[in-house]
Amino acid sequence: MADELKTGELPDFVDEEEPEELEEESRSRRRLRWGSLSYTTRVTISFSLIAAMTALVAIGVVSLVWEQHFHTYTQDNMHAVAETTADQIAELYEEVGHFDDNVLQPAKSAVAVSKGVGMQVVDTNDNVLFDSTVLADGVEGIITPSIAPAKGQDNMARAAIVADDTAIGSVRVWVYGSDQLLRSADQEFRDRSYQAMTMAAVIAIVLASLFGYFFARSLVRPIKRMTDTAEAIKEGDWTARTNMEGEDEISQLGQTFDAMAEAVERDRKLERRLTTDVAHELRTPLMAIQATVEAMVDGVLPVDEERLMTVDSEVMRLSRLVDSLLKLSRLENRANPNKQEIVNVGEVVSGIIATHEAYVAEAGLTLSYKADDNVIVLGDPDLIRQATANLISNAVRYTDEGGRIKVRVKRGETMASIAVKDTGIGLTPEEARMVFQRFWRADSGRDRESGGLGVGLTVVKEIVDRHNGWVQVEGRKDEGACFTIHIPLYDERRKGNRSNSGRVPRIPR
């Protein structure tokens with residue numbers, strides 16, 4: 001045994017199956033928890049419990065009211081029997097002036113009609129003139145004891161026999177074996193009533209369970225469809241959609257889910273395109289740098305100013321590409337909060353015009369600028385400057401030599417606008433809807449040496465969104481394009497950058 005333990009082997013008496021049994025028991029316990037049940041099961045059980053509680057409350061309330069009214073009803077019946085019998089006896093007594101069998105006949109008839117009911121007729125001295133129990137059980141010549149309830153008990157109905165305005169006796173009525181004056185027919189009726197209520201409760205619970213089951217299935221079905229769609233997307237099927245229609249909340253959730261899936265699919269396509277574009281854009285300057293440096297190292301090319309300028313130009317191009325991506329990432333991640341300064345848009349844009357005149361002239365283009373006075377907004381002047389510069393650079397990139405670029409700053413009723421219009425390649429309505437998507441650029445400008453990664457306009461839109469504005473795009477193919485930034489004017493009276501209700505209208509694109 002010691003050798004076995006030393007070698008790490010289990011002795012024969014150790015049960016290796018016990019951990020698995022414990023794990024299975026623990027798993028079965030977890031399955032019994034409410035949260036582990038399916039949604040359909042939980043809704044069905046909930047509907048059943050609600051129906052059961054409702055039925056129990058209803059039966060309790062009905063039983064309470066029913067018992068009170070039923071007892072009152074049966075007691076009233078017994079009192080009515082006693083009073084009717086007393087009235088009939090009194091009428092007969094007035095005719096003959098004394099008690100005899102004929103006068104007591106109404107009592108005998110009442111007992112014969114009312115099964116399970118006992119009756120006594122007594123005079124004013126409590127002498128028993130008629131006793132239904134003695135008549136029923138007695139044999140001629142033999143006096144049998146009465147089984148009528150003792151005088152003064154509450155389980156008897158009484159009525160006085162009054163003849164000529166004088167009480168001559170009374171009628172006592174009771175029910176065999178009942179303290180509540182309930183006849184067997186009454187008890188049977190009551191029991192059947194409770195049975196009917198119980199049966200109705202059972203039927204209500206069954207119907208509620210069925211309704212809850214089908215109701216839950218109808219709710220779970222679209223959720224299951226969304227789950228299957230999400231699973232398909234997770235497995236790589238980016239075209240999977242729920243295709244749900246309707247106006248209810250779950251249908252709207254499915255439609256939102258489809259819109260989200262389309263956005264994710266579009267972003268993945270754009271990211272794949274970005275990877276291709278980045279690889280393409282970075283490969284060209286890297287290969288140029290590598291070839292030039294290797295040629296200088298091998299002595300094929302001389303190490304002179306011209307070669308070094310080539311390397312420097314390609315390095316600067318790489319720097320611009322990386323810088324554009326970093327700027328977009330910072331804007332989207334909100335890494336730097338917006339400055340809240342009072343900005344004169346005309347002065348900011350005039351500074352941009354001054355620094356870009358040489359750049360535009362080198363491209364063989366003419367640049368004109370016009371601005372209204374006192375166009376004031378509240379925002380970040382550096383971001384507004386960057387957005388305007390990106391629009392001008394975009395116009396230069398897609399406008400052939402000899403073209404024109406016009407920059408205009410205007411003051412509207414509630415909005416300030418910065419418009420950059422060119423005479424370049426223009427864009428179609430479809431391109432106008434896609435122009436602000438990340439990493440998108442016009443195909444006609446893809447092979448241009450000066451073409452970028454397609455992040456400039458995305459940066460513009462992000463900047464304008466952070467200023468509670470929007471960007472308007474107009475243009476036609478081969479006739480040029482006009483990009484207009486709209487930013488809310490600064491309202492000094494309200495000390496804010498929203499001159500209306502705080503909601504900025506957006507022009508649909």
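Values in this document were obtained by computation on a predicted structure and should not be read as measured data.

Visitor: Could you give me a rundown of the overall build of the protein, with the residues and numbers involved?
Guide: Counting secondary structure elements, the protein contains 12 helices and 11 strands. When burial is assessed residue by residue, the protein has 37% of its 509 residues classed as buried. Taking as baseline every contact in the protein between residues at least 6 positions apart, the subset at least 24 positions apart corresponds to 66%. Approximately 30900 Å² of the protein is accessible, and the part contributed by carbon and sulfur atoms is 54%.

Visitor: Explain the packing of aromatic side chains residue by residue, including any values.
Guide: Evaluated as defined, the whole model comprises five aromatic pairs. Note on phenylalanine 47 and phenylalanine 211: the rings are 5.7 Å apart at their centroids and 55° apart in plane angle, and the pair reads as tilted. Here phenylalanine 47 is found in helix 3 (residues 39–96), whereas its partner phenylalanine 211 is found in helix 6 (residues 184–234), with 164 residues between them in sequence. Taking relative accessible area as the criterion, phenylalanine 211 reaches 52% and is therefore assigned exposed. Ring plane angle 45° and centroid distance 4.8 Å describe the contact between tyrosine 93 and phenylalanine 99, whose orientation is recorded as tilted. Overall, the relative accessible area of 18% leaves tyrosine 93 in the buried class. Feature note: the residues Phe47, Phe211 and Phe215 constitute an aromatic cluster, connected by ring pairs.

Visitor: For a negative patch on the surface, give the residues involved together with the corresponding values.
Guide: Together, Glu83, Asp87, Glu91, Glu94, Glu95, Asp164 and Asp165 make up a negatively charged patch on the protein surface. Relative to the elements of secondary structure, aspartate 164 occurs in the loop between strand 3 (157–163) and strand 4 (166–175). Overall, the relative accessible area of 60% leaves aspartate 164 in the exposed class.

Visitor: Before we move on, could you go through the sheet that holds strand 1 (residues 117–123) and cite the residues and values that matter?
Guide: What the four strands build is an open sheet, ordered 2-1-4-3; its pairing is antiparallel. The open sheet has two free edges, formed respectively by strand 2 (128–131) and strand 3, since each of these has just one partner strand. Across the sheet, the mean angle separating the axes of adjacent strands is 20° when strand polarity is ignored. Pairing analysis gives seven bridges linking strand 1 to strand 4, with the strands arranged antiparallel. Residue pairing in the sheet places valine 122 in a bridge with serine 170 of strand 4. Against the sheet, helix 4 (residues 105–113) touches strand 1 and strand 2, its axis set at about 165° to strand 1.

Visitor: Before we move on, could you go through the pairing of strand 3 and cite the residues and values that matter?
Guide: Because side chains alternate across strand 3, one face comprises the buried residues Ala157, Ala159, Ile161 and Ala163, and the other comprises Arg158, Ala160 and Val162, none of which is buried. Here strand 3 folds back onto strand 4 in antiparallel fashion, the turn holding two residues, of which aspartate 164 has a positive phi close to 55°.

Visitor: Just give me the short version of helix 9 (residues 345–362), but keep the residues and values in it.
Guide: Helical geometry: 3.6 residues make up each α-helical turn, so side chains three or four residues apart lie on a common side. Its 18 residues give helix 9 an end-to-end C-alpha distance of 26 Å, which sits within 8% of 26 Å, the value for a rise of 1.5 Å per residue. At histidine 356, helix 9 is bent by approximately 45°, the largest bend along its length. The inward-facing, buried residues of helix 9 abut strand 5 (341–344), strand 6 (366–371), strand 7 (376–379), helix 10 (381–397), strand 8 (404–411) and strand 9 (415–422). Structurally, the start of helix 9 carries an N-cap: the backbone nitrogen of glycine 346 is 3.1 Å from a side-chain oxygen of asparagine 344. Positive backbone phi, at 80°, marks glycine 364, one or two positions downstream of helix 9.

Visitor: A description of the confidence of the model for the protein should follow, citing residues and the corresponding values.
Guide: Looking at the protein, pLDDT values average 77 and 75% of them are 70 or higher. Here residues 1–17 is modelled with pLDDT under 50, and outside its nearest four sequence neighbours on either side it reaches six contacts, counting other chains as well.

Visitor: Mind laying out the nonpolar core, listing which residues take part and the relevant values?
Guide: Core analysis: the largest hydrophobic core is formed by 40 residues, its most contacted members being Ile392, Phe483 and Ile485. Listed by contribution, the elements that provide at least two residues to this core are helix 9, helix 10, strand 8, strand 9, helix 12 (456–466), strand 10 (470–476) and strand 11 (480–488). Per element, the largest residue contribution to this core is eight residues, and it comes from helix 10. Discounting chain neighbours no more than four positions away, the residues touching isoleucine 485 are Ala387, Leu391, Ala416, Ser417, Ile418, Val460, Val464 and Trp470. Formed by 24 residues, the second largest nonpolar core is a distinct cluster that contains Met78, Ala86, Leu104 and Val171.

Visitor: Would you mind going over the sheet that holds strand 10 in detail, with residue names and values included?
Guide: On the basis of which strands lie adjacent, the open sheet formed by five strands has the order 6-8-9-11-10 and mixed pairing. Looking at the sheet topology across the chains shown, the edges are occupied by strand 6 and strand 10. Pairs of neighbouring strands in the sheet enclose a mean axial angle of 10°, with direction left out of account. Examined bridge by bridge, strand 8 and strand 9 share seven bridges and lie antiparallel to one another.

Rules and cut-offs
- Residues numbered from 1 in each chain as written.
- Predicted model: local features only at pLDDT ≥ 70, side-chain atom pairs only at ≥ 80, totals over all residues.
- Heavy atoms only, no water.
- Helix = DSSP H or I, 4+ residues; strand = E, 2+ residues; numbered from the N terminus.
- Buried < 20%, exposed > 50% of the residue type's maximum accessible area, 1.4 Å probe, protein only.
- Contact = heavy atoms within 4.5 Å.
- Areas by Shrake-Rupley, 256 points an atom, 1.4 Å probe, with all protein chains shown as cover.
- Phe/Tyr/Trp six-rings, centres within 6.5 Å; stacked < 30°, edge-to-face > 60°.
- Patch = residues over 30% accessible without salt bridge, like charges linked within 9 Å, V, L, I, M, F, W, Y side chains within 5 Å.
- Salt bridge = Lys/Arg side-chain N within 4 Å of Asp/Glu carboxyl O.
- Lys, Arg positive; Asp, Glu negative; His and termini not counted.
- Charge placed at Lys NZ, Arg CZ, Asp CG, Glu CD.
- Pairing = 2+ DSSP bridges.
- Axes fitted to C-alpha atoms, helices over the stretch in contact; angles between N-to-C directions.
- Expected span 1.5 Å × (residues − 1).
- Bend = angle between axes of the 7 residues up to and from the residue.
- Polar contact = N/O pair within 3.5 Å; in protein donor to acceptor, adjacent residues only side chain to side chain.
- pLDDT = per-residue confidence, 0-100.
- Core = buried A, V, L, I, M, F, W, Y, C linked by side-chain atoms within 4.5 Å.

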